[in-house]
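# Reading the structure
Residues per chain, in single letters:
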Amino acid sequence: MKKILPILILLLTSTMASAQLFKGRNATLDKPEYQAGTVPVVNGKVVFEKEITAKGNTQEVAQKAQQWIKSRFSRPQIIKFKQYDSETPGTLTVKSEEYITFKSKAFVLDRTRITYYLDITVRDGGCTAKMHRITYWYDEEYKDGEHFTAESYITDNEALNKKGKLLKKPGKFRVKTIDLKNELFAELEKALN
């Protein structure tokens, strides 16, 4: 009996913990900011875009955006990033590869590498920010992982069931991608103003 009691306690606590995780995950997936229509597709590609107003002329806006790029893309979750010389005048282009974490607990780390391009096209009084060419590398430690694009995983056609609810696995990628996009655009807007 002394040997069975600790096992029963362990099973009971792990079952309760699993139920709490499942409950929290469903609540997030049901939020309106992640539902149908929140992942825009332009010419078959996922493209998040935002117009941002800012004080200053083109050169001043570009300088502030450049400072933000240096600060944002030196964080620990960034695996690597590269800033390109754009063919379009007034556009700053960054390619970033970083981790987004779904769950981090003792003995459990569920995360993916996300790679994306961020174009910032500056002008007098603001800029246009565009996040696109989004890809994922998931579960890379297990048999070289899975590679897929945003178009094949987080769009309405791929991530929603017939009732319009987010599917569990694509849903978590959709939620974290939208969160990252919101974070990038909000930080850039704050840096420009």
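As a reminder, the structure under discussion sits directly above these lines.
Just so it is clear, the model here is predicted, and its values are computed rather than measured. (Residues numbered from 1 in each chain as written. Predicted model: local features only at pLDDT ≥ 70, side-chain atom pairs only at ≥ 80, totals over all residues. Heavy atoms only, no water.)

## What to know about the environment of Lys82
One can find Lys82 in strand S3 (residues 78-84). Setting aside anything within four residues of it in sequence, one finds Lys82 in contact with Thr93, Val94 and Lys95. (Helix = DSSP H or I, 4+ residues; strand = E, 2+ residues; numbered from the N terminus. Contact = heavy atoms within 4.5 Å.)

## With respect to the pairing of strand S4 (residues 91-105)
For S3 and S4, the ladder comprises six bridges, and the chain directions are antiparallel. When the bridges of S4 are listed, Ile78 appears paired with Glu98. Remark: six residues form the turn of the hairpin made by S3 and S4, two consecutive strands paired antiparallel; Gly90 in that turn has positive phi of roughly 85 degrees. Taking the residues between adjacent antiparallel strands as the criterion, S4 and strand S5 (residues 108-123) are bridged by two residues, where Phe107 takes a positive phi near 70 degrees. (Pairing = 2+ DSSP bridges.)

## A few points about the pairing of strand S2 (residues 45-53)
The pairing of strand S1 (residues 41-42) with S2 spans two bridges and is antiparallel. Note that in S2 the partner of Val41 across the bridge is Val46. Count of turn residues in the S1/S2 antiparallel hairpin: two residues, of which Asn43 carries a positive phi of about 50 degrees. Here seven bridges tie S2 to strand S6 (residues 126-138), and the two strands are oriented antiparallel to one another. Looking across to S6, one finds that Phe48 is bridged to Met131.

## Overview of the side chain of Glu97
If you trace the backbone, Glu97 turns up in strand S4. With relative accessibility at 11%, the residue Glu97 sits in the buried group. Not counting chain neighbours up to four residues away, the residues in contact with Glu97 comprise Ile78, Ile79, Lys80, Arg113, Ile114 and Thr115. (Buried < 20%, exposed > 50% of the residue type's maximum accessible area, 1.4 Å probe, protein only.)

## Re unusual backbone geometry
With the exception of glycine, most residues fall at negative phi, and the peptide bonds are largely trans. Although it is not a glycine, Phe107 adopts a positive phi angle of roughly 70 degrees. With respect to the helices and strands, Phe107 occurs in the loop between S4 and S5.

## A closer look at helix H2 (residues 58-72)
Between its first and last C-alpha atoms H2 spans 21 Å; for 15 residues at 1.5 Å apiece the expected length is 21 Å, and the two agree. Among the residues of H2, those classed as buried are Val61, Ala65, Trp68, Ile69 and Arg72. Buried positions in H2, seen along its axis, are confined to an arc of 105 degrees and lie on one side of it. Residues Gln59, Gln67 and Lys70 are exposed on H2 and point more than 90 degrees away from its buried face. Against the buried residues of H2 lie S3, S4, S5, S6 and helix H4 (168-192). Measuring from the backbone nitrogen of Gln59 back to the side-chain oxygen at the start of H2 gives 3.1 Å, which picks out Asn57 as the cap. (Expected span 1.5 Å × (residues − 1). Arc of directions from axis to C-beta. Polar contact = N/O pair within 3.5 Å; in protein donor to acceptor, adjacent residues only side chain to side chain.)

## A word on the packing of H2 against H4
Viewed as axis vectors pointing N to C, H2 and H4 meet at an angle of 130 degrees, and their least axial separation amounts to 9 Å. As the angle between them shows, H2 and H4 are arranged oblique. For H2 against H4, the interelement crossing comes out right-handed. Counting all contacts with H2, which are made through Val61, Lys64, Ala65, Trp68 and Arg72, the residues of H4 involved are Leu180, Glu183, Leu184, Glu187, Leu188, Ala191 and Leu192. Looking at side-chain class alone, the contact of H2 with H4 contains eight nonpolar, no polar and four charged residues. (Axes fitted to C-alpha atoms, helices over the stretch in contact; angles between N-to-C directions. Parallel < 35°, antiparallel > 145°, perpendicular 65-115°, else oblique. Left-handed = near helix turned anticlockwise from the far one by under 90°. Nonpolar A, V, L, I, M, F, W, Y, C, P; charged D, E, K, R; others polar.)

## Thoughts on the pattern of salt bridges
Inspection of every chain in the model, using the stated rule, returns 13 salt bridges. The salt bridge involving Arg75 is made with Glu187; its shortest N-O contact spans 2.9 Å. Of this pair, Arg75 sits in the loop between H2 and S3 while Glu187 sits in helix H4, and the two are 112 residues apart along the sequence. Under the relative-accessibility criterion, Arg75 is labelled partly exposed at 29%. The salt bridge involving Glu97 is made with Lys80; its shortest N-O contact spans 3.8 Å. Placement of Glu97 in strand S4 and of Lys80 in strand S3 is noted, with a sequence separation of 17 residues between them. Since its relative accessible area comes to 54%, Lys80 is described here as exposed. Look at the salt bridges and you will find they share partners, linking Arg72, Arg75, Glu98, Glu183 and Glu187 into a network. (Salt bridge = Lys/Arg side-chain N within 4 Å of Asp/Glu carboxyl O.)

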